[in-house]
Amino acid sequence: MHEWALAEAVVTTVLKTAEEENAREVLEIKVVLGELQQIDIEVFKFALTNLVKDTIAEKAQIILEIEPAILKCNSCGYKWKFSEVLEKLDEEVREAIHFLPEVSHAYIKCPNCGSVDFDVIKGRGVYLKSIKVR
Amino acid sequence: MIDPRISVIEKRFSEIKRIISVVSGKGGVGKTVIASTLALSLAKNNYRTGLFDLDFYGPGCHIVLGVGKVFLEEEKGIIPPKFHGVSLMSIEFFAKDEPVAMRGTEVTDALIELMAITRWGPLDFLIIDLPPGLGEEVLDVIRLLRNTEFLVVTTPSKLSMMVAEKLLKLLKRVGANILGLVENMALTHNMGSTKPLAEKYQVEFLGSIRLDEKLEAAIGVPEKIFETIFFKDIQKIFEKLCKGINTDR
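Residues numbered from 1 in each chain as written. Chains lettered and ligands numbered in written order. Predicted model: local features only at pLDDT ≥ 70, side-chain atom pairs only at ≥ 80, totals over all residues. Heavy atoms only, no water.

A few words on the domain arrangement of chain A. All names here are of chain A. Looking at chain A, the domain boundaries give domain 1 (2-68 + 122-133) and domain 2 (70-121). Taking the mean C-alpha position of each, domain 1 and domain 2 sit 26 Å from one another. Across the boundary between the two partners, domain 1 contributes 11 residues, which contact 13 residues of domain 2. Summed over both partners, the interface of domain 1 with domain 2 comes to about 1,200 Å²; 57% of that surface belongs to carbon and sulfur atoms. (Domains from an automatic or database assignment. Contact = heavy atoms within 4.5 Å. Buried area = accessible area lost by both parts, 1.4 Å probe.)

Residue and element names in this part refer to chain B. Examined against the element boundaries, proline 156 turns out to sit in the loop between β8 (149-154) and α7 (158-173). With 34 residues separating them in the primary sequence, proline 156 and asparagine 190 have C-alpha atoms 6.6 Å apart. Every residue in contact with proline 156, bar those within four places of it in the chain, is listed here: Met161, Glu183, Asn184, Met185, Ala186, Asn190, Ser193 and Thr194. (Helix = DSSP H or I, 4+ residues; strand = E, 2+ residues; numbered from the N terminus.)

With that settled, consider the side chain of threonine 155 of chain B. When you line up the elements, threonine 155 of chain B lands in the loop between β8 and α7. Ignoring any residue separated from it by four or fewer positions in sequence, one finds threonine 155 of chain B in contact with Val29, Ser160, Met161, Asn184, Met185 and Thr194 of chain B.

Moving on: the sheet that holds strand β3 (residues 70-73) of chain A. All names here are of chain A. Strands sit in the order β4-β3-β5 across an open sheet of 3 strands; the sheet is antiparallel. Taken across any chain shown, the strands that pair with only one partner, and hence form the sheet edges, are β4 (79-81) and β5 (118-122). Pairwise comparison of adjacent strand axes, ignoring direction, gives a mean angle of 30° for this sheet. Two elements, β3 and β5, share 4 bridges in a ladder whose sense is antiparallel. Paired with cysteine 73 across the bridge in β5 is phenylalanine 118. (Pairing = 2+ DSSP bridges. Axes fitted to C-alpha atoms, helices over the stretch in contact; angles between N-to-C directions.)

All names here are of chain B. As enumerated under the stated definition, the model contains 21 salt bridges over all chains in all. With its nearest N and O atoms 2.7 Å apart, the salt bridge here joins aspartate 3 to arginine 5. By relative accessible area, aspartate 3 is classed as partly exposed at 23%. For arginine 143, the salt bridge identified is with aspartate 140, shortest N-O distance 3.0 Å. Residue arginine 143 and its partner aspartate 140 are both found in helix α6 (residues 136-144); the two are separated by 3 residues, about one turn of the helix. Given the relative accessible area of 6%, aspartate 140 is considered buried. (Salt bridge = Lys/Arg side-chain N within 4 Å of Asp/Glu carboxyl O. Buried < 20%, exposed > 50% of the residue type's maximum accessible area, 1.4 Å probe, protein only.)

Right, dumping it as structure tokens:
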């Protein structure tokens, strides 16, 4: 249920933004879920739906977009997809990366040169992409 | 794109009466042992205490507390596990002895993530162990935890004092709340020699902690730490910190 904490962050941000815009209602919430964090979409959506109850975002359409995670080696410049190495990671490691994506540096290395000095150039974690209000 | 995590950080720390960040600037002056022992001391005196290890490259609080295998409890976030009465959160719970080589923005990301997902609940004290340097962790704590108080640690070494002075300048410039200066690893001939530094920057000199040769053997066994001279000296600082803290609950 770690997803709940992140969903709470999204809803808090949505309501704060809506208030700043003097909105009466939130119509749409678009959230990007970076693949690296391996969010359980059903749990996350369930948490969001619960957290918006009795707020001006209660009827908002919730759109979740999965963003593939792309990693780039700072030593040799090689780019690769997290999905290419995901299967090689055991359950405990996946869970650690799920909680804290930056610890991927402890468990993943560049498939080309073996360096652990890489950037996650896309698909790290949870971001609020847009909200529509009226 | 908006990072939503920032919005819940204030809420996550809202039930904590005092947040004390232990900083030094220079490495190797005993920040981690002081932060951890201070937390143990507070817990021993029935204060609800948390310890947040933000030294991502060299986490050590779990070593001082003698932490073994950890099971993380999830309840709408992560509940920090308790050891010797101290609730502890550390990157080590996820990195498991492996080095985590991160660049600047990732350090900030990891720090924000841990702040957003950790549910400390009500605490009298949260002690934060910050890494050496004036980098992301220190700047992000200044930025995100406005009510934190900084406990500056230095040894009587010229090198350590020089960096502690830079740190004091920085903290003063950004208007941070400086709790005071602690002198660690003091010997008979140099005890109190860092006091003029505290006076120069008009911060309280909280006391000297004597260099204790028996401390190393006690690391990892809090009951042994409680028997050291180091702990006796920490207790004196603890008494100063606890002034005005209401523990009625």
